[in-house]
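# Coordinate analysis (summary)
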Amino acid sequence: MSHSDNSAPLIAAISDLQEERALALVRRRLEDGDDPLMIIQDCKEGMRQVGAHYEKSEYFLAGLIMAGEIFREVMELLHPVVAVQASGRAFGRVLLGTVEGDIHDLGKNIVNMLLGCRSFAVYDLGVNVPAAQFADQVDELQPDIVGLSGLLTSSYDAMRETVSLLRSRGLKAPIIVGGGQITEEVSRYVGADYWATDAVVGVDICQRLMSGEDPDHGS
Ligand code: B12
């Protein structure tokens with residue numbers, strides 16, 4: 001999804017950690033009937049720029065924390081607009097969580113919200129979830145799909161360990177990994193079936209899987 005003409009001010013407000021301005025821009029865009037998914041896309045780009053500032057030591061940990069807080073508040077504004085109450089039978093069951101050692105959850109929470117909107121039943125184990133906890137929940141819940149989130153390079157080994165434990169316990173369901181830095185190569189390394197760097201793409205893969213289609217492995 002590309003950015004719109006309204007994108008630049010919001011991207012800049014997030015990148016510059018201007019909380020009030022960012023929230024005011026989001027409120028205005030919602031009033032103007034802008035697509036909440038486009039707003040999320042712009043926030044993601046702002047967060048990417050915050051990360052780049054951090055890498056260059058222009059921002060420190062406090063900057064990441066501030067950006068996370070702004071994003072959380074933006075999601076509070078967007079949630080009622082995106083969350084059209086799903087009704088009827090669950091379309092499929094997804095077990096979701098951020099792998100051990102990683103506490104990033106903003107992206108995972110968007111995946112959870114969008115899956116909910118498409119009538120999936122989502123079991124979210126939260127952050128820093130050990131492989132054994134995923135395995136125990138798989139035994140109990142028998143999900144149709146398992147989704148692992150991770151944003152740190154160091155999370156890939158935790159993902160690999162989790163996938164390997166789940167397979168050794170006999171899980172047949174597809175495993176999808178997601179996070180900003182995931183690539184085809186990482187997906188192959190961790191042994192996942194599918195991967196996504198975008199929640200909409202990930203949810204689309206889940207929908208196709210439940211419809212018996214064979215989706216692309218990731219993008
Ligand atoms: C905000 C933030 C934080 C916040 C997180 C708050 C929270 N509640 O999540 C806090 C302050 C806690 C944090 C801490 C740290 N962070 Co940080 N953080 C970020 C930042 C700026 C934004 C992440 C974010 O929320 N993006 C917005 C969301 C919407 O995007 P997303 O997560 O990619 O999710 C989307 C997709 O990936 C996908 N998706 C995500 N999960 C899943 C799962 C599935 C199943 C599917 C299908 C899809 C999917 O859908 C989402 C929506 O499209 C990134 C920069 C970046 N480029 O990502 C750094 C970044 C991830 N952090 C980084 C680092 C280094 C750290 C720390 C180690 C810093 C420190 N010195 O302590 C700690 C680690 C803590 C830990 N153990 O996890 C590095 C990682 C570098 C690396 N290669 O490992 C980054 C890349 C910054 C950088 N450029 O250096 N961080």
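For the structure itself, look to the data block above.
Residues numbered from 1 in each chain as written. Predicted model: local features only at pLDDT ≥ 70, side-chain atom pairs only at ≥ 80, totals over all residues. Heavy atoms only, no water.

## Here we look at the pattern of salt bridges
The tally for this structure, following the rule as stated, stands at 13 salt bridges. Residue D124 pairs with K108 through a salt bridge whose shortest N-O separation is 2.8 Å. Of this pair, D124 sits in strand β2 (residues 120–124) while K108 sits in helix α5 (residues 106–117); the two residues are 16 residues apart in sequence, bridging distant segments of the chain. A salt bridge links R167 to D193, with the nearest nitrogen and oxygen atoms 2.6 Å apart. Of this pair, R167 sits in helix α7 (residues 155–168) while D193 sits in the loop between α8 (184–190) and β5 (194–196), placing them 26 residues apart in sequence. With relative accessibility at 29%, the residue R167 sits in the partly exposed group. The partly exposed category is assigned to D193, whose relative accessible area is 27%. Each of R29, D34 and D42 takes part in salt bridges that share partners, so that together they form one network. (Salt bridge = Lys/Arg side-chain N within 4 Å of Asp/Glu carboxyl O. Helix = DSSP H or I, 4+ residues; strand = E, 2+ residues; numbered from the N terminus. Buried < 20%, exposed > 50% of the residue type's maximum accessible area, 1.4 Å probe, protein only.)

## Quick word on the coordination of the cobalt atom of the ligand
Where a metal carries four tetrahedral donors, each ideal angle is 109.5 degrees; where it carries six octahedral donors, the ideal angles are 90 or 180 degrees. For the cobalt atom of the ligand, the sole protein-derived donor is H104 (NE2), lying 2.3 Å away. Within the element layout of this structure, H104 appears in the loop between β1 (92–98) and α5. (Donors = N, O, S within 2.8 Å, 3.2 Å for Na, K, Ca; no water.)

## Some details on the nonpolar core
Core analysis: the largest hydrophobic core is formed by 30 residues, its most contacted members being L10 and L78. Elements that contribute at least two residues to this core include exactly α1 (7–15), α2 (19–31), α3 (36–55), α4 (61–82), α5 and α9 (199–210). The leading source of residues in this core is α4, at 6 residues. Ignoring any residue separated from it by four or fewer positions in sequence, one finds L78 in contact with V26, L30, P36, I39 and I40. Within the second largest apolar cluster, 24 residues are counted, among which are V99, V129, Y156 and V163. (Core = buried A, V, L, I, M, F, W, Y, C linked by side-chain atoms within 4.5 Å. Contact = heavy atoms within 4.5 Å.)

## Notes on the packing of aromatic side chains
Counted by the stated rule, this structure contains 1 aromatic pair. Here the aromatic rings of F91 and F120 are separated by 5.1 Å at their centres, their planes lie at 75°, and the arrangement is edge-to-face. Note that F91 is positioned in the loop between α4 and β1 and F120 in strand β2, a separation of 29 residues in sequence. By relative accessible area, F120 is classed as buried at 6%. The ring of Y189 has R160 sitting right over it, with the charged end atom 4.3 Å from the ring centre. (Phe/Tyr/Trp six-rings, centres within 6.5 Å; stacked < 30°, edge-to-face > 60°. Lys NZ or Arg CZ within 6 Å of the ring centre and 35° of its normal.)

## Topic: the site of the ligand
In the neighbourhood of the ligand, 36 residues make up the surrounding shell, with E55, I103, H104, S149 and T153 lying closest. At a separation of 3.4 Å, an oxygen atom of the ligand approaches a polar side-chain atom of D102. G180 places a polar main-chain atom, nitrogen or oxygen, 3.1 Å from an oxygen atom of the ligand. Of all the secondary-structure elements, those providing two or more residues to the shell around the ligand are α3, α4, α5, β3 (145–149), β4 (175–178) and α9. Per-element accounting of the shell around the ligand gives the leading share, 6 residues, to α3. Broken down by class, the residue content of the shell around the ligand amounts to 16 nonpolar, 13 polar and 7 charged. (Near = heavy atom within 4 Å. Polar contact = N/O pair within 3.5 Å; in protein donor to acceptor, adjacent residues only side chain to side chain. Nonpolar A, V, L, I, M, F, W, Y, C, P; charged D, E, K, R; others polar.)

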